[in-house]
Amino acid sequence: MTAALTLSGKRGVILGVANSHSIAFGCAKALADLGAELCITYVNEKSKPFVEPLLPELNAQLCLPCDVSVPGAIEALFAQLEAEWGSLDFVIHSIAWSPLTELQGRLVDTSAEGFSQAIDISCHSFIRVASAAEKLMEANGGTLITMSYYGSEKVVDHYAMMGPIKAALESSVRYLAAELGEKNIRVHTVSPGPMPTRAASGISHFDELMDDAVRRSPLHRLGTPDDVGKLVAFLVSDWATGHTGSQMFVDAGHHIMA
């Protein structure tokens, strides 16, 4: 095979870019470098000044608001994408949230309200995104990707409520892949290992988690947002048209170790 991997002519939206160190930014950079046209979202006016300076580096054509916790926000985003582009080739969902006090506590002590908010933003928002994207991918198919973590499968200290929530997200990916496959819409979970991002800073003793990952992983290093971006670019590309419903780790092999 001599054809180079390219995303020229593909258009997609990335939810979750917080700054240049975020996993979503690593994805956006890889996709842009391979020729994809991007829409980058920001949560609100407070976050917008941190996202807008990144747009030139990403050659992003659109920058639109989307707070997935606000009713109608996802639908409004995709309505605008339909008006601007007419169709869509991929969506990268890199969003997770929980109340900080409950993330750092025990699962058994979580409140119904806190758990409901966390699973709505971290899991059900991806289902709503898939529903909104389906119409824009009906003609030519497309790819939906979300981010999980190994704490969905094994108990990770201080990960608490997010473990069950990520497990629900991974199960949702499998069901979405089965339901949308007949329309040639492929759905994947990418599971990065611990990385020094702003989102991870809310996890207690996170430095210890990263040190353990470096010590025990076969490659003796952490995965990076750039590593995640390369995998995402492959999954979005025409080189991955035979893949759907998968979960792929980007953690230097840490997940295989007992």
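Residues numbered from 1 in each chain as written. Predicted model: local features only at pLDDT ≥ 70, side-chain atom pairs only at ≥ 80, totals over all residues. Heavy atoms only, no water.

### Let's talk about the overall build of the protein chain
Working step 1: Of the regular secondary structure elements, the protein chain holds 9 helices and 7 strands.
Working step 2: In terms of overall size, the protein chain behaves like a compact globule, its C-alpha atoms giving a radius of gyration of 17 Å where 258 residues would be expected to give roughly 18 Å.
Working step 3: Its C-alpha atoms give the protein chain principal-axis dimensions of roughly 45 × 45 × 40 Å.
Working step 4: Relative to its full complement of 258 residues, the protein chain shows a buried share of 52%.
Working step 5: Carbon and sulfur atoms make up 54% of the accessible area of the protein chain, which totals about 12,000 Å².
Working step 6: If you average the places of the 18 positive and of the 29 negative side-chain charges in the protein chain, the two averages end up 3 Å apart. (Helix = DSSP H or I, 4+ residues; strand = E, 2+ residues; numbered from the N terminus. Rg over C-alpha atoms; globule rule 2.2 N^0.38 Å. Buried < 20%, exposed > 50% of the residue type's maximum accessible area, 1.4 Å probe, protein only. Areas by Shrake-Rupley, 256 points an atom, 1.4 Å probe, with all protein chains shown as cover. Lys, Arg positive; Asp, Glu negative; His and termini not counted. Charge placed at Lys NZ, Arg CZ, Asp CG, Glu CD.)

### Thoughts on the sheet that holds strand 7 (residues 247-250)
Working step 1: Across the sheet, 7 strands lie side by side as 3-2-1-4-5-6-7; this open sheet has parallel pairing. Since the sheet does not close on itself, it has two edges, and those belong to strand 3 (62-65) and strand 7, each with one partner. Going across the sheet, the axis of each strand differs from the next one's by a mean of 20°, ignoring polarity.
Working step 2: In this sheet, strand 6 (residues 185-192) lies alongside strand 5 (residues 142-147) in parallel orientation, the contact comprising 6 bridges. Within strand 6, the residue paired with Gly142 across the bridge is Ile185.
Working step 3: Lying on the sheet, helix 7 (residues 162-180) is in contact with strand 5, strand 6 and strand 7; it crosses strand 6 at an angle near 160°. (Pairing = 2+ DSSP bridges. Axes fitted to C-alpha atoms, helices over the stretch in contact; angles between N-to-C directions. Contact = heavy atoms within 4.5 Å.)

### Quick look at the pairing of strand 1 (residues 11-15)
Working step 1: Burial within strand 1 is extensive, with 4 of its 5 residues counted as buried.
Working step 2: Where strand 1 lies against strand 2 (residues 37-42), 4 bridges are found, and the strand directions are parallel. Among the inter-strand pairings, Arg11 is bridged to a residue of strand 2, identified as Glu37.
Working step 3: Following the backbone out of strand 1, through helix 1 (residues 23-33) and into the adjacent parallel strand 2, one traces a crossover that is right-handed.
Working step 4: Sheet analysis places strand 1 next to strand 4 (residues 90-93), joined by 4 bridges and oriented parallel. By the bridge assignment, Val13 is partnered in strand 4 with Val91. (Right-handed = clockwise from strand over helix to strand, strands pointing away.)

### Some points on the environment of Val68
Working step 1: Looking at the element boundaries, Val68 is found in the loop between strand 3 and helix 4 (73-85).
Working step 2: Given a relative accessible area of 6%, Val68 falls into the buried group.
Working step 3: Taking the C-alpha atoms as reference points, Val68 and His124, separated by 56 residues in sequence, lie 9.5 Å from one another.
Working step 4: Contacts of Val68, omitting those with residues within four sequence positions, involve Leu15, Ile74, Ile95, Asp120, Ile121, Ser125 and Arg128.

### A word on the pattern of salt bridges
Working step 1: Here the structure, examined in full by the defined rule, presents 12 salt bridges.
Working step 2: Ionic pairing is found between Lys48 and Glu52, a salt bridge with its closest N-O pair at 3.8 Å.
Working step 3: Ionic pairing is found between Arg221 and Asp227, a salt bridge with its closest N-O pair at 3.0 Å.
Working step 4: Each of Glu134, Glu138 and Lys183 takes part in a single network of salt bridges with overlapping partners. (Salt bridge = Lys/Arg side-chain N within 4 Å of Asp/Glu carboxyl O.)

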